[in-house]
Amino acid sequence: MSTIHVSTTINGAPTDFVCEHDETLLDVLRNRIGLTGSKEGCSSGDCGACSVTVNGRLVCSCLVLGAEAQDAEVHTIEGMADGPTLHPLQKAFIEHAALQCGFCTPGILVAAEALLKEKPEPTDEEVRYWLAGNLCRCTGYDKIVRAVQAAAAEMRGV
Amino acid sequence: MTTDTKRNFKVVGTRPNRPDGVDKVTGRAMYGADATAPGMLWGKVLRSPHPHAEIVSIDTSEAMKLPGVQAVVTGADFGDPESLFVSDVQEHCMAKDRVYYDGHAVAAVAATSASTAAKALKLIKIVYKPLPHVTDVDAAFAHGAPVIMHHRAFEILPPGTSANATNFCEFGHGDLHEGFAKADLIVERSFRTAATHQGYIEPNACLASYSSDGRADLWCCTQGHYHVRDLCAQIMGMEAAQLRVTASEIGGGFGGKTSIYVEPVALMLSKKSGRPVKMVMSREEVFRATGPTISSSMDVKIGMTKDGRMTAGQAVIRASGGAWPSGTMEMGAQAAFACYDMPAVKTIGWNVLTNRPKESAYRAPGAPTAIFGVESVIDEMSQKLGLDPLEVRILNAADAGTLSSYGPTFNQIGLKATLEAAKNHPHYKAPLGPNQARGLSCGFWFNFGGNTSVSLAVNTDGTVNITEGNPDIGGSRASIGMMAAEELGIPFADVRTIIGDTASIGHNDTTDGSRVTFAVGLATIRAARDAIQKMCHRAAQIWDIDPDAVEWEDGAAKPSGPNAGQFPPMTIKEIAANAFRTGGPIAGHHEVNADGAGVSFGVHIADVEVDPETAHTLIKRYTVFQDAGKAVHPSYVEGQMQGGAVQGIGWALNEEYIYGADGRLQNAGFLDYRIPVASDLPMIDAVILEIPNPGHPYGVRGVGETGIVPPLAAVANAVTRAVGTRMTDLPISPPKIMAAKAAAGK
Amino acid sequence: MRYVAATTAEEASALLAAETGLAKVLGGGTDILVQMRAGMVEPALLVDIKKIPGLREIKSEAGGFRIGAGVSGAELMRHSAFATTWPGALEGFNLIGSTQVQGRATMAGNLCNASPAGDAVPGLVAAGATVRIQGPKGQRDCPIEDVPVSPGKTSLAKGEFITSIFLPAKPARTGDAYLRFIPRTEMDIAVASAGVCLTFDASGTCTAARVALGAVAPTVIVAHDAAKTLIGTKVDAAALDALQAAATALARPISDKRGTADYRRETVGVLARRAAQIAKTRAGA
């Protein structure tokens, strides 16, 4: 038995895949499903570029086995926009120049979305600590924090 | 060249959404590791566990027998490039008979899956004969150190030094002896700085496809695909035309993606296997085997009068760029005193070989460490003389007409204005809390211009496509498109900029030296002018008037005056619609080796708080002041200033390559190579100054690199003032602060 | 390698016991998957214990809390009764890694990783927590501090794994706290750490104290001699000074890439003192 068959839901769509027993969810998403929006920056849970949610919980997909996704609900950056309509966070990141190279951006957006679901009105400090596991080497984080706050305000209807 | 500083800009200076924004927030943008090809194999590299060893033998036979393995490559598969530079790069990508650092590539495998390739690496048997190693710059410079490459020593070595010293440089002017004699105070200090990594979040990755007819395609994340093509073509023994390199989206570079690592290996694996090969470095490989910056040790001596005027300055820099010769210390030696009007100045630089990976450029290479030493000594002298450190810098600041410490005489520069802005900013006078202190530093970077090709096509509907050849790392598609829209007098939305591959447009130098907004912008403006001239001709043809009597304004051709004829302006859309009837498609292009990049200065103010018991250092407030010449897209200019500052803060406080006594890198991961995280930082206030660069039509200066230069000293000076003892060894980690306080009896 | 999601504790234990190669437990995976990726361990079998009934539950028991071995940091921090009862033990656990890591990491995993610097451990030791272990021969309980025996090694026998961690009922006028030192503000491994749990009588005199020091010895130091400096005192400045000195004296650190031995010795004393002050405040004394 060299591979495992897994039935799961990815961005709302029932999805089946086979993977090796030690294959990470990140590798499954990128190399088997074709969802390359989740990025590999470290494969050790230190950079957050592979952030997804599994059953609503924010995790690093490099620290989850594909096999563990059986019966789970996985949400990735590719499921964030509502069709052609960007999520307020996605819009805010563009408008506030909160990305430079853009490589950490999918992970940060997924993480920020999870934050705002739990805390619609975070302080700057809460944003910074929540995102401490999402490394960005380009921006110095300033515009990222501002973009998250702008999106949060928009989502609160302020 | 005349700079149109009075110009009433319509697009330049605004903040439109970047054209690649949606792709990058939805996960659609394709980076180095995101491409696939039919029949693709996965390549992986076997790396040396020894810092220095002879390769006695390599046996790959068992690996080749593993089902799924399609090719194995070692140094024996590569030839000997004529150019010594290319030969060094090749040897760094794949060892031949010796390994020179922990992590040096010794073999590579291509297999049908990544896990099979990883298994195959374990079946390769290598016999090493370990050799003595040295990883510390001072130890490597000293007489008796293990010599890494005998045949690369500099022609004349000072007594007591080793043959590891490979490069030497000297800059300066004036009579040092006389200068120091005039000083009321002379301070001499030694400093050390650790090697740091660019820390881009995207690991190096590529997809190579070599066809049996001798043609090849290479997709990779790089700052310069033309440079990749030139290097790989020489290493592979190909003609440049047969290797097409496409730059993927790039997940950060900061200078670290200006060279090649796995690219020629992937090409060779593809050539041997006859199939496309994808290679993605792990984070550990990125740290162990791609270029960090130099590690350095330096001595700085400055003389000053009691009212703060510098009379003489001297710096001796010993830098190591790893196991191969490196000229980065030259830029440090040039930059060390570049901020100041020095009556007498001398800087000397040495490069020393160590058993470390080959250095790669890192944002303003050489400048941050050299300026750290100089700015620290200036701060100490200000303290000793009871002077305001900002006033001392204003008193000594270089200005238009100053003979720079590295040779040229400055024209219009912005240092004094930047210092004045810092002095007048509320931050400089804000009160400080307990255990807090304020530090400041100036910074400088040369900025590059360089070889650039831009092509601008006017579409039949009057919209415009620009093809340029520099990867967009931080919003350059936007700034280039904005300059084209500005010059053509059309909306930004009517312009789309793409990055061409090496076969689609002429040569472009690498995205480095903060050159893109300056040089590609300049070429784009001139390409637009070329197209404008052609469109004016078409209008003249339709109107049947002399082309010289047509001028361009607000996106339309119009007669230059009443005598030229009475015609309503003809818009770009009308001219484009008639193009096929007036001579065919319309395009502008420009090729240039751009000169006149215009130096850039910055001033940073850092407030820190140091825990008196644990020596934990927090940045409480931070402000960047920098001359951008003209900020094309101010948000992305601020972004460069903020990002550079934070990289410099990381360098000052926590980042370092840590080698054990065994010569192996101990912290090859983001866990222990500690780059700043979001919670470490306050907002980084960015104040843009605009002192136009006479070398650019809109006054633009490069802004990308200067920002990383001042933080090292700004933070060190602040910590020094907070703890009461001077911190001279970067990074200023808590154990070092505690030890320094203990040594000083504090 | 084989991945198996066990459905009962007995099945998991039997699988672990029967495997002739290296068999490891998969809880949150935040250590084991990193170690596998880095080639540090190559297990032949990974037994996922998160589908075992009860292992992702937090239950009240005998006035205390039984925390299933599969409970993540993100789950535990949202359990308000636990958070208000044992804030120090919770803070130590929650300091591990990022928000993402908290989404998966478990206390039992941190304990079994047996790092001298594990952030969850000193707080649990100070709180007097115990673990319940399932083995081929059934269940047994043991104190937290008896699980790690040296860096990377535990006292668990083949086939044994932790099913839950039990924090006892908190005595009246008791407070706990955990502090660690890291160079950044997040994402680092502790350079030195201290967990403190103090109980006071009605007059404000400390009647019981437990002090645990992390990252300053091969395993967490249960610092009885440091705790003694507080018992019978009002945990005033003089007592705190004595605690600091005692903690520093008890530390047996090494110098490594994360800090020097001298630095760790000094800092662990400071942290013990500061944690004791917080614990005292939390005890209402």
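Above this text is the structure in question.
Regarding empty space enclosed by the protein
- Enumeration according to the criterion identifies 7 cavities of 30 Å³ or more in this entry.
- Taken as a whole, the largest cavity encloses approximately 160 Å³ of empty space.
- Lining the largest cavity are 17 residues, and of these Thr617(B), Leu653(B), Asn654(B), Asp680(B) and Pro183(C) lie nearest its centre.
- Every element with two or more residues in the lining of the largest cavity is listed here: strand 25 (617-627) and helix 18 (634-653) of chain B.

Details of the interface of chain C and chain A
- Tallying the contact residues gives 28 residues for chain C and 30 residues for chain A.
- Taken together, the two surfaces of chain C and chain A that pack against each other cover about 2,300 Å², and 58% of this comes from carbon and sulfur.
- Among the residues of chain C in contact with chain A, Tyr3(C), Arg37(C) and Gln100(C) are the three that bury the most area, contributing 29% of the side total.
- In this structure, Arg37(C) and Asp27(A) form a salt bridge, with 3.2 Å as the shortest nitrogen-oxygen distance.
- In this structure, the connection of chain C to chain A is made through 11 residue pairs in polar contact (both at pLDDT 80 or more).
- Of all elements in the fold, only strand 1 (2-5), helix 2 (32-37), strand 3 (45-48), helix 3 (73-77) and helix 6 (99-102) of chain C reach the threshold of two or more residues within the side of chain C that touches chain A.
- The dominant element in the side of chain C that touches chain A, judged by the number of residues it contributes, is helix 2 of chain C, at 4 residues.
- Looking at the side of chain C that touches chain A residue by residue, the class counts come to 10 nonpolar, 9 polar and 9 charged.

What to know about the packing of aromatic side chains
Residue and element names in this part refer to chain B.
- For the structure shown, the criterion picks out 27 aromatic pairs over all chains.
- Ring geometry for Trp543 versus Phe567: centroids 5.1 Å apart, planes at 10°, classification stacked. You can see Trp543 sitting in helix 16 (residues 516-543) and its partner Phe567 sitting in the loop between strand 21 (556-559) and strand 22 (570-571), a full 24 residues away along the chain.
- Residue classification places Phe567 among the partly exposed positions, given a relative accessible area of 30%.

Section: the packing of helix 7 (residues 225-236) of chain B against helix 8 (residues 263-273) of chain B
All names here are of chain B.
- It is at 10 Å that the axes of helix 7 and helix 8 come closest, and there the two elements cross at 45°. Taken together, the axis directions place helix 7 and helix 8 in an arrangement best described as oblique. Crossing angle aside, the handedness with which helix 7 passes helix 8 is right-handed. Listed contacts from helix 8 to Val228, Cys232, Ile235 and Met236 of helix 7 are Glu263, Pro264, Leu267, Met268 and Lys271.
- When the residues that make up the contact of helix 7 with helix 8 are grouped by side-chain class, the tally is 7 nonpolar, no polar and 2 charged.

Observations concerning the pattern of salt bridges
Residue and element names in this part refer to chain B.
- In the structure shown here, the tally under the stated rule is 82 salt bridges over all chains.
- Arg7 is the partner of Glu486 in a salt bridge, and the nearest nitrogen-oxygen pair spans 3.7 Å. Within this pair, whereas Glu486 is found in helix 15 (residues 476-488), its partner Arg7 is found in the segment before helix 1 (21-26), the two being separated by 479 residues in sequence.
- Owing to a relative accessible area of 6%, Glu486 belongs among the buried residues under this scheme.
- Note on Arg7: relative accessible area 23%, which makes it partly exposed.
- Here Glu551 ties to Lys558 by a salt bridge, and the two come within 3.7 Å at their closest N and O atoms.
- What makes Glu551 partly exposed here is its relative accessible area of 32%.

Observations regarding the nonpolar core
- Among the nonpolar cores identified, the biggest contains 208 residues, and Phe93(A), Leu218(B), Phe444(B) and Tyr622(B) are the most heavily contacted of them.
- With sequence-adjacent residues up to four places away left out, Leu218(B) is seen in contact with Cys206(B), Leu207(B), Ala208(B), Val228(B), Cys232(B), Leu243(B), Arg244(B), Val245(B), Thr246(B), Glu263(B) and Leu267(B).
- Residues Cys19(A), Leu29(A), Leu26(C) and Phe161(C) belong to the second largest nonpolar core, which totals 78 residues.

Some words on the pairing of strand 6 (residues 130-135) of chain C
All names here are of chain C.
- Judged from the 6 bridges that link them, strand 6 and strand 7 (residues 138-143) form a sheet pairing that is antiparallel. Its bridge partner lying in strand 7, Gln134 is registered against Gln139.
- Hairpin connection, strand 6 to strand 7: the antiparallel pair is bridged by 2 residues.
- Of the strand pairs in this sheet, strand 6 and strand 10 (residues 161-167) are connected by 5 bridges, and their pairing is antiparallel.

Conventions used here
- Residues numbered from 1 in each chain as written.
- Chains lettered and ligands numbered in written order.
- Predicted model: local features only at pLDDT ≥ 70, side-chain atom pairs only at ≥ 80, totals over all residues.
- Heavy atoms only, no water.
- 1 Å grid on protein atoms, 1.4 Å probe; cavity = no way out; pocket = protein on both sides within 12 Å on 5 of 7 lines; lining within 4 Å.
- Points joined across faces, edges and corners; volume = space filled by probe spheres on them.
- Helix = DSSP H or I, 4+ residues; strand = E, 2+ residues; numbered from the N terminus.
- Contact = heavy atoms within 4.5 Å.
- Buried area = accessible area lost by both parts, 1.4 Å probe.
- Salt bridge = Lys/Arg side-chain N within 4 Å of Asp/Glu carboxyl O.
- Polar contact = N/O pair within 3.5 Å; in protein donor to acceptor, adjacent residues only side chain to side chain.
- Nonpolar A, V, L, I, M, F, W, Y, C, P; charged D, E, K, R; others polar.
- Phe/Tyr/Trp six-rings, centres within 6.5 Å; stacked < 30°, edge-to-face > 60°.
- Buried < 20%, exposed > 50% of the residue type's maximum accessible area, 1.4 Å probe, protein only.
- Axes fitted to C-alpha atoms, helices over the stretch in contact; angles between N-to-C directions.
- Parallel < 35°, antiparallel > 145°, perpendicular 65-115°, else oblique.
- Left-handed = near helix turned anticlockwise from the far one by under 90°.
- Core = buried A, V, L, I, M, F, W, Y, C linked by side-chain atoms within 4.5 Å.
- Pairing = 2+ DSSP bridges.

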